[in-house]
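Structure at a glance
Here are the chains, one letter per residue:
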Amino acid sequence: MFSRSFAEVAATSSSEKQEKVFGEAQVTEKFKADWKTIAPNFDMPKFPSNFMEVRPPVPSTIPAKLTVNFVLPSQYEIKAKQVDYVIVPATSGQMGVLPGHVPTIAELKPGILSVHDGTDVKQYFVSSGFAFVHANSVADIVAIEAVPLDRFDPDEIRRGVQEYTQKMNSAKDDLEKAEAQIGVEVHSALQYALGIA
Amino acid sequence: MASGRVGNRIAKLIICHGSSISSLRAWPTTAAFTAQPWTCLGSRMAAVQELAPFGARAASSQIVRTRMKSVKSIQKITKAMKMVAASKLRGIQAKAENSRGLWQPFVALLGDNPGISVKKKVIVTVSSDKGLCGGINSTSVKYSKALLRMNALMGADKETKYVIIGEKGKAQLQRDSRKAISFFVGETQKIGICFTQVAMIADDILKKNKADVYQVVFNKFASMVSFLPTVATVLSTEMLAAGIDGKGGGLESYELEDADMPSEIYDNLAEFQFAAVLYNAMLENACSEAGARMRAMENSTQNASDMLERLTLTYNRTRQTSITTELIEIISGAAALEG
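One structure accompanies this document, and this report is about it.

Conventions used here
- Residues numbered from 1 in each chain as written.
- Chains lettered and ligands numbered in written order.
- Predicted model: local features only at pLDDT ≥ 70, side-chain atom pairs only at ≥ 80, totals over all residues.
- Heavy atoms only, no water.
- Helix = DSSP H or I, 4+ residues; strand = E, 2+ residues; numbered from the N terminus.
- Buried < 20%, exposed > 50% of the residue type's maximum accessible area, 1.4 Å probe, protein only.
- Contact = heavy atoms within 4.5 Å.
- Areas by Shrake-Rupley, 256 points an atom, 1.4 Å probe, with all protein chains shown as cover.
- Pairing = 2+ DSSP bridges.
- Axes fitted to C-alpha atoms, helices over the stretch in contact; angles between N-to-C directions.
- Patch = residues over 30% accessible without salt bridge, like charges linked within 9 Å, V, L, I, M, F, W, Y side chains within 5 Å.
- Salt bridge = Lys/Arg side-chain N within 4 Å of Asp/Glu carboxyl O.
- Lys, Arg positive; Asp, Glu negative; His and termini not counted.
- Charge placed at Lys NZ, Arg CZ, Asp CG, Glu CD.

Moving on, we come to the overall build of chain B. For chain B, the count of helices and strands is eleven helices and six strands. Looking at the 339 residues of chain B, the share that counts as buried comes to 46%. For chain B, contacts bridging at least 24 residues in sequence account for 77% of all contacts bridging at least 6. A total of about 16,700 Å² of accessible surface is found on chain B, and carbon and sulfur atoms cover 57% of it.

Here's what the structure looks like:
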């Protein structure tokens, strides 16, 4: 579990018990009144923000560490970890994110994501996704697939590049061409990332 | 020889019970067991006494014995269904809990604005394909209908459509909201819920329904006994680009990396958010379905065993009464002979 909950970070007084403060949806009074008129016998439904912890507020000074959340459909890879900086593979190139980074929305292309904490570096090859950097020095990275680099086989990658280049050249329609192009892009990025010819 | 005797006995049973077998076919289904067994038992027992053929003294105990056999087999079936649901739940609960982080970055960025007033809204109702899972499908449908009426309250020109995932939701919504249904997706759990499949479904929904806001209604798996109806709101590309009130500066305070194609980025953002929210929603609903089915089958097994107890007592009473009657006849006959 994470060492410090957001509520503790946000609270001015420290408490021994870890308290999770869950968010509230921006439900207007009109919504509540309408709901009472339409469905007086049912409780209001829950909203996703009810199940999400409140994010820390924007601090007045640049914090020392960056809080990283890295999520995949298959798991919550990194949850609220305090790190020095991360490098994300944005569409415009490798982007470094340090604490105090300007709020950004970046779309990711297949490439390497590296998380640096002191001397500890973790590298993942991610498929496309998004990276959000918020004003309170929290970075959210959402990707569809992420694999640690040591799981890849260089021969398979070389074979993949050749196969998809061939498919792209012999593509009959736009759909096949697009699919082959994606294959070439991913395999080339992998090739570059792993440093194999 | 022995088989001949058994054959005769069976033949006699069928002849005796010819009239009562038709009443057996109308035996209450498993669904009735999950409700109250006593009322249906009472009416059935009355029917038994009426239909037992005249002169067949052993008939009523035979009927009760047949009933006991069917109740026992129903008990076994529901117990097995509970085990199956438990194993399914174990598998899918892990997946659902892992996927809970997926929509959080989007809510952190864009906020959660369920009451937003828009012209065109699409309500995606997530329900199950199979039944016998308690009340979760009714809950989903109830909340979807409420959301539709709320949107109608906001103005006469507001348009709302349903997209239904799951057979049970379709069955319920077709009855009175047939016109509002845009389309239907079924058999989503056959190969297991994976992100690729959900991304395709999300793509389909977005292509066929250009709306301003998409609301996904599902049952969130809070615990084994608690399934909370939840509404997740996803804004479309146009709404994102235009800016939404409620998040302060909206998205203007965020710089777009590679800012030469902002509309494309918003497009991808909206679509990815919708796929992520839908993935989590379908997993949570599948979890809730498995949990609710476990509970329903547990109740049904309990009811069946209670009914079996009552039937056993009735059977023994009937059997002992008939034995006592025979003894009395024999003894009084013997006494009469002696004079």
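Another point: the sheet that holds strand 2 (residues 159–165) of chain B. In any sheet, the strands associate via hydrogen bonds between backbone groups, in a parallel or an antiparallel arrangement. All names here are of chain B. Ordered in space as 3-2-1-4-5, the five strands form an open sheet in which the pairing is mixed. Taken across any chain shown, the strands that pair with only one partner, and hence form the sheet edges, are strand 3 (181–185) and strand 5 (226–235). Across this sheet, the average inter-strand angle for adjacent strands is 20°, counted without regard to direction. Strand direction decides the pairing type here: strand 1 (residues 120–126) and strand 4 (residues 213–223), joined by five bridges, are parallel. Pairing of Ile123 across the sheet is with Gln215, part of strand 4. Packed onto the sheet, helix 7 (residues 136–153) meets strand 1, strand 2, strand 4 and strand 5 and runs at close to 150° relative to strand 4.

Residue and element names in this part refer to chain B. Together, Glu238, Asp258, Asp260, Glu264, Asp267 and Glu271 line one region of the surface with negative charge. With three residues, the top contributor of residues to the negative patch is helix 11 (residues 262–338). Within the secondary structure, Asp258 is located in the loop between strand 6 (255–256) and helix 11. By relative accessible area, Asp258 is classed as partly exposed at 31%.

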